[in-house]
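Chain by chain, the residues run as shown.
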Amino acid sequence: MMSVSARAGALSPYLQATKQTVKSLRSLAAKGLVSSAAPGGIRMAHTDIRIPDFTDYRRSEVTDPNQSSKESSEARKSFSYLVTGATTVLGVYAAKTVVTQFVSSMSASADVLALSQIEIKLGDIPEGKNMTFKWRGKPLFVRHRTEKEIATEAGVNIAELRDPQHDKDRVINPSWVIVLGVCTHLGCVPIANAGDYGGYYCPCHGSHYDASGRIRKGPAPLNLEVPFYEFPDEGTVIVG
Ligand code: FES
């Protein structure tokens, strides 16, 4: 049978170290330096770890450990709401400014708009005459109609027209007919006060328009185009 000392000599290095530790703890317990109740439950507090001081970043209301943070919660919430609200307002204002500038950069500038419009003094055009202007690279007819022409065009039965349109739907002031001088067939420039209907006549292929610019005879399919225009005063028209 193997003796105790022989068995102790056969212990592994780990068991020998454990045995030595228990022996040391017992010795410390005997001196009253550690509790002997649970020598295996000793935990080492890592008190050597340095914790950074965040006091400079904390609000002064919550730095006192003896004071409840609830007392200052309303004031801190109000501050947070104020900062959030101000940031939101500034953000929305900045977004609105960016969008406005972006959209306005896409619209035509003042000089381009000025080129796109033409202002005509109507007093220079006698009754019964048609004057041709150049507008956006195209001929523009401005016709000062007589009372007879106004009455004739207003009385046309639109059911007989190829491109049915009443005269009152083509003019703002019955005395003035303003149309593009471009034949709707193949784009020639018609001649004013000519043709079977006394309005406009296109010599290229023989289209006849009346004094309202409506196609009455010939190959053209549509009436002469009416551009956007307005009368800022009685003697002036602005086209475009
Ligand atoms: S282009 Fe005017 S009739 Fe053909």
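Scoring rules and cut-offs
- Residues numbered from 1 in each chain as written.
- Predicted model: local features only at pLDDT ≥ 70, side-chain atom pairs only at ≥ 80, totals over all residues.
- Heavy atoms only, no water.
- UniProt positions renumbered as here; feature names shortened; annotations may be inferred.
- Pairing = 2+ DSSP bridges.
- Helix = DSSP H or I, 4+ residues; strand = E, 2+ residues; numbered from the N terminus.
- Axes fitted to C-alpha atoms, helices over the stretch in contact; angles between N-to-C directions.
- Disulfide = S-S within 2.5 Å.
- Phe/Tyr/Trp six-rings, centres within 6.5 Å; stacked < 30°, edge-to-face > 60°.
- Buried < 20%, exposed > 50% of the residue type's maximum accessible area, 1.4 Å probe, protein only.
- Lys NZ or Arg CZ within 6 Å of the ring centre and 35° of its normal.
- Contact = heavy atoms within 4.5 Å.

For the chain, the name recorded in an unreviewed UniProt entry is Cytochrome b-c1 complex subunit Rieske, mitochondrial, with Liparis tanakae as its organism. Under Sequence similarities (unreviewed entry), UniProt gives the following word-for-word description of the chain: "Belongs to the Rieske iron-sulfur protein family." Its UniProt record gives the chain a comment under Catalytic activity (unreviewed entry), which states: "a quinol + 2 Fe(III)-[cytochrome c](out) = a quinone + 2 Fe(II)-[cytochrome c](out) + 2 H(+)(out)".

(A) Layout of the sheet that holds strand β10 (residues 236-239). With respect to topology, 3 strands assemble into an open sheet ordered β1-β10-β9, the strand pairing being antiparallel. The strands lining the two open edges of the sheet, one partner per strand, are β1 (118-121) and β9 (229-233). On average, each strand axis in the sheet is inclined to that of its neighbour by 25°, with strand direction left out of account. Bridge analysis of β9 against β10 gives 3 bridges, and the strand direction is antiparallel. Note that in β10 the partner of Asp-233 across the bridge is Thr-236.

(B) Representation of the state of the cysteines. Evaluated as defined, the whole model comprises 1 disulfide. The disulfide that involves Cys-188 links it to Cys-204, with 1.9 Å between the sulfurs. With the S-S bond torsion at -100°, the cross-link from Cys-188 to Cys-204 turns out left-handed. Linking Cys-188 in the loop between β4 (176-180) and β5 (191-192) with Cys-204 in the loop between β6 (200-202) and β7 (207-209), this pair joins segments that are 16 residues apart in sequence.

(C) Expanded view of the packing of aromatic side chains. Using the criterion set out here, one finds 2 aromatic pairs in the structure. Arranged with centres 4.9 Å apart and planes meeting at 5°, the rings of Phe-141 and Tyr-200 form a pair that is stacked. Here Phe-141, found in strand β3 (residues 138-144), pairs with Tyr-200, found in strand β6; they are 59 residues apart in sequence, far enough to count as distant. Residue Phe-141 shares its accessibility class with Tyr-200, and that shared class is buried. Judged by centre distance (5.7 Å) and plane angle (85°), the rings of Tyr-229 and Phe-231 are edge-to-face. Take Tyr-229: its relative accessible area is 5%, and that puts it in the buried class. The ring of Tyr-200 carries Arg-143 above its face, with NZ or CZ at 5.1 Å from the centroid.

(D) Seen up close, the environment of Gly-181. Inspection of the secondary structure assignment puts Gly-181 in the loop between β4 and β5. The class for Gly-181 is buried, based on a relative accessible area of 0%. Along the primary structure Gly-181 and Lys-138 are separated by 43 residues, whereas in three dimensions their C-alpha atoms are 7.3 Å apart. Setting aside anything within four residues of it in sequence, one finds Gly-181 in contact with Pro-139, Leu-140, Phe-141, Cys-188, Val-189 and Pro-190.

(E) Structural detail: the sheet that holds β5. Judged by pairing direction, the sheet is antiparallel, and its 4 strands sit side by side in the order β5-β6-β7-β8 without closing on themselves. Edge positions in the open sheet fall to β5 and β8 (215-217), since each of these has one partner strand only.

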